[in-house]
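Close look at the chain arrangement
Now for the letters of each chain:
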Amino acid sequence: MSVNGVMFIAGEEVNGQTGQMYSINPATALPFSPPFAGASSEQAMAACIEADKAFGSYRHTSPKHRARFLRKIAENIMSLGDELIERGTLETGLPLARLVGERGRTCSQLNLFADVLESGSWQDVRIDSALPDRSPLPRPYLGMTKQPLGPVVVFGSSNFPLAFSVAGGDTASALAAGCPVIVKGHQAHMGVSELVGRCIAEAVKSCELHPGTFSLVFANGNSIAHELVAHPSVKAIGFTGSQAAGLALMQTAQSRREPIPVYAEMSSINPVVLMPKALEADPEGLANQFAASLTMGAGQFCTNPGLILATPSPSLSLFIEQVKLQLTDCSAGTMLTSNIFKNYDSARNTMMGHSKVNVIVEGKADSPNSCQPAFIEVSSRAFLEDESLHAEVFGAFSMLVTCKNTTDMIQVIKRLEGQLTGTVHADSDDDTECVHGIVSAMELKVGRILFNGFPTGVEVSSAMVHGGPYPSTSNSQTTSVGTLAIDRFVRPVCYQNVPEAFLPDELKADNPLNVSRTIDGKPE
């Protein structure tokens, strides 16, 4: 399967009509063929119109049918073999092993959502039986299930060319919910996007779905993105990217005649608390783990450990010295695009030049677009007084905030904006009451709290929450990873005294889909 520089609109391979774009190898800064072109307004609108046409039939497909569709997408992706991985390394500079792992995660989450569909648990079916003899008023029959919102626009991310892109978590959860998907592919990895887009288009055809169930477009500039969000057929947005871009899309979505939800993952610095006894037990080991997490993937993870909180001690000094050893001659690797590199370099230099900052160590840059890691230090007082020190630096950059005591740590946590993760390293000898206080503060600020680890790496599972208070995400009540992600693209519908013949299958008396249900407040 070759890369031809095409998009997919309702099953048809089409060439874009605006501008010419080339994939760039970030390790060499050189472009390579074939050229792509962005969608015209007419092409983008056609994708939305076809998605709207598809919604009528796709939302009525059985969960088993949609599960088969998702599994077919995963099968098609795996059948690409080395071609997908090799193209990915050229377009992203990421190592083979990383892309192999990401492909596995992408296919695993497609299969996981297929499992969810087959179980029926996602519908949260509830039935309140009719009580015609209840006094003083009878109770009607009430049945509740969930219905899909409608066509969804998914914006592929730069930092995950597979797992958060064309067939990534947003697409998988929206398709599982019964929503057609229009993907706006990221310009950083158009070839990978085309290959995966073809896998989905072929799955649509082989599963005999309406061709408008899936489209993939590219855009030369920002106008097409906003036209997609503004189209009246579109009912929700999935986005992973910068805060500026996410806020702009949210504004467009809220300015519509019918405002729609934007599920945007935007920025996070992910505080890591090193409790005194835990630090004392293994300062060098913690430093090694931290450095590895910080530089993984050139620091281009939304869960990168960008903030370390600790109190001064001989153990902290040992931790710092070990981090120096790990980072001094370290290049974190090639960043995904020249723009990401330029933004990182600018933000890193701004932070390092701050009058209240002590630069602990910076690594080296050994190639074009190479991420030069850095670790800096500020006092808790400086951090609390200057909000410019709270900004995310997207890359292998982290800040140590030295706190007077654990009470001071809690004050720092309380002043943070919303985050995806919060980490606590605590030993059994650490003050339990202080640890409780830190956890309590984190509960109001993060979507995931973890102990004695580092936050890079997100398990795709039923209990995972990859979300958090603003600005880490636009909606703290949801997750973009894990089975709960399907809830973003459905809404509850109640059926009152609806005759059996007109009820959805999951509400019918004989439960033909054999889904789990709650009847009169008790599991069936």
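Conventions we followed
- Residues numbered from 1 in each chain as written.
- Predicted model: local features only at pLDDT ≥ 70, side-chain atom pairs only at ≥ 80, totals over all residues.
- Heavy atoms only, no water.
- Domains from an automatic or database assignment.
- Contact = heavy atoms within 4.5 Å.
- Salt bridge = Lys/Arg side-chain N within 4 Å of Asp/Glu carboxyl O.
- Nonpolar A, V, L, I, M, F, W, Y, C, P; charged D, E, K, R; others polar.
- Disulfide = S-S within 2.5 Å.
- Helix = DSSP H or I, 4+ residues; strand = E, 2+ residues; numbered from the N terminus.
- Buried < 20%, exposed > 50% of the residue type's maximum accessible area, 1.4 Å probe, protein only.
- Polar contact = N/O pair within 3.5 Å; in protein donor to acceptor, adjacent residues only side chain to side chain.
- Axes fitted to C-alpha atoms, helices over the stretch in contact; angles between N-to-C directions.
- Parallel < 35°, antiparallel > 145°, perpendicular 65-115°, else oblique.
- Left-handed = near helix turned anticlockwise from the far one by under 90°.
- Pairing = 2+ DSSP bridges.
- Core = buried A, V, L, I, M, F, W, Y, C linked by side-chain atoms within 4.5 Å.
- UniProt positions renumbered as here; feature names shortened; annotations may be inferred.

An unreviewed UniProt entry lists the protein chain under the name Ketoglutarate semialdehyde dehydrogenase, with Grimontia indica as the source organism.

1. What about the domain arrangement of the protein chain?
With domains assigned, the protein chain is organised as domain 1 (7-21 + 37-131 + 139-266 + 476-486) and domain 2 (271-451). Put simply, the middle of domain 1 and the middle of domain 2, counted by C-alpha atoms, are 33 Å apart. At the interface, 10 residues of domain 1 touch 11 residues of domain 2. At the junction of domain 1 with domain 2, the criterion picks out 0 salt bridges. Each residue belonging to the side of domain 1 that touches domain 2 can be placed in one class, and the counts come to 4 nonpolar, 3 polar and 3 charged.

2. Regarding the state of the cysteines
Scanning the entire structure with this criterion turns up 0 disulfides. C199 takes part in no disulfide bond, and the closest cysteine sulfur, belonging to C107, lies 8.6 Å away.

3. A closer look at the environment of E362
Counting through the fold element by element, E362 comes out in strand β14 (residues 358-362). The class of E362 is partly exposed, set by a relative accessible area of 34%. Sequence-wise, E362 and I376 are 14 residues apart; in three dimensions their C-alpha atoms are separated by 8.5 Å. Of note is the side chain of E362, whose polar atom sits 2.9 Å from the side chain of R348. A distance of 3.3 Å separates the side chain of E362 from the side chain of Q372, its partner in a polar contact.

4. With respect to the packing of helix α10 (residues 283-295) against helix α11 (residues 314-327)
Running from amino to carboxyl end, α10 crosses α11 at an angle of 40°, the nearest separation of the two axes being 8 Å. With respect to their mutual orientation, α10 and α11 come out oblique. The way α10 lies across α11 gives a crossing that is right-handed. In this structure, α10 uses P283, E284, L286, A287, N288, F290, A291, L294 and T295 to contact α11, whose residues at the interface are S315, L318, F319, Q322, V323, Q326 and L327. The class makeup of the residues in the contact of α10 with α11 is 10 nonpolar, 5 polar and 1 charged.

5. Things to note about the sheet that holds strand β6 (residues 142-148)
Taken in spatial order, the 5 strands line up as β19-β6-β5-β20-β21 in an open sheet, and their pairing is mixed. The open sheet has two edge strands, β19 (490-496) and β21 (522-523), and neither has a second partner. In the sheet, β6 pairs with β19 via 7 bridges, with the strands oriented antiparallel. Residue pairing across strands places L142 opposite Q496, the latter belonging to β19.

6. Topic: the nonpolar core
By size, the foremost hydrophobic cluster in this structure holds 80 residues, and its most contacted members are F69, L70, I73, I77, V196 and I200. Here the element with the most residues in this core is helix α6 (residues 190-206); it accounts for 9 residues. In this view, I77 contacts L84, R103, T106, C107, L110, A167, V196 and C199; residues no more than four positions away in its chain are not counted. Core analysis: the next-biggest nonpolar cluster, separate from the first, contains 65 residues, L274, A332, I376 and I410 among them.

7. Remarks on the side chain of Q109
Of note, Q109 is situated in helix α4 (residues 96-119). Once residues lying within four places of it in the same chain are set aside, the contact partners of Q109 are A163, A167, G168, G169 and V460.

8. Some details on the UniProt feature "domain: Aldehyde dehydrogenase" (unreviewed entry) in the protein chain
As recorded in UniProt, the feature "domain: Aldehyde dehydrogenase" (unreviewed entry) lies at residues 17-469. Structurally, residues 17-469 comprises 42% helix and 19% strand, and the distance from its first C-alpha atom to its last is 39 Å.

9. Describing the sheet that holds strand β16 (residues 397-402)
The pairing of strands in a sheet happens through backbone hydrogen bonds and is either parallel or antiparallel. With respect to topology, 7 strands assemble into an open sheet ordered β14-β15-β16-β13-β12-β17-β18, the strand pairing being mixed. Strands at the two margins of the open sheet, each flanked by one partner only, are β14 and β18 (446-451). Neighbouring strand axes in the sheet, compared pairwise and without regard to direction, differ in orientation by 20° on average. Direction of pairing for strand β17 (residues 419-425) relative to β18: parallel, over a ladder of 5 bridges. Bridge pairing in β18 places T423 opposite L450.

10. As for the pattern of salt bridges
Going through the model one piece at a time under the given rule, you end up with 22 salt bridges. The partner of E194 in a salt bridge is R198, and the shortest N-O contact between them spans 3.0 Å. Of this pair, E194 and R198 are both found in helix α6, 4 residues apart, which corresponds to roughly one turn of the helix. With respect to class, E194 is no different from R198; both count as buried. Measuring nitrogen to oxygen at the nearest pair gives 3.6 Å for the salt bridge that ties R256 to E258. On the accessibility criterion, E258 (40% relative accessible area) is partly exposed.

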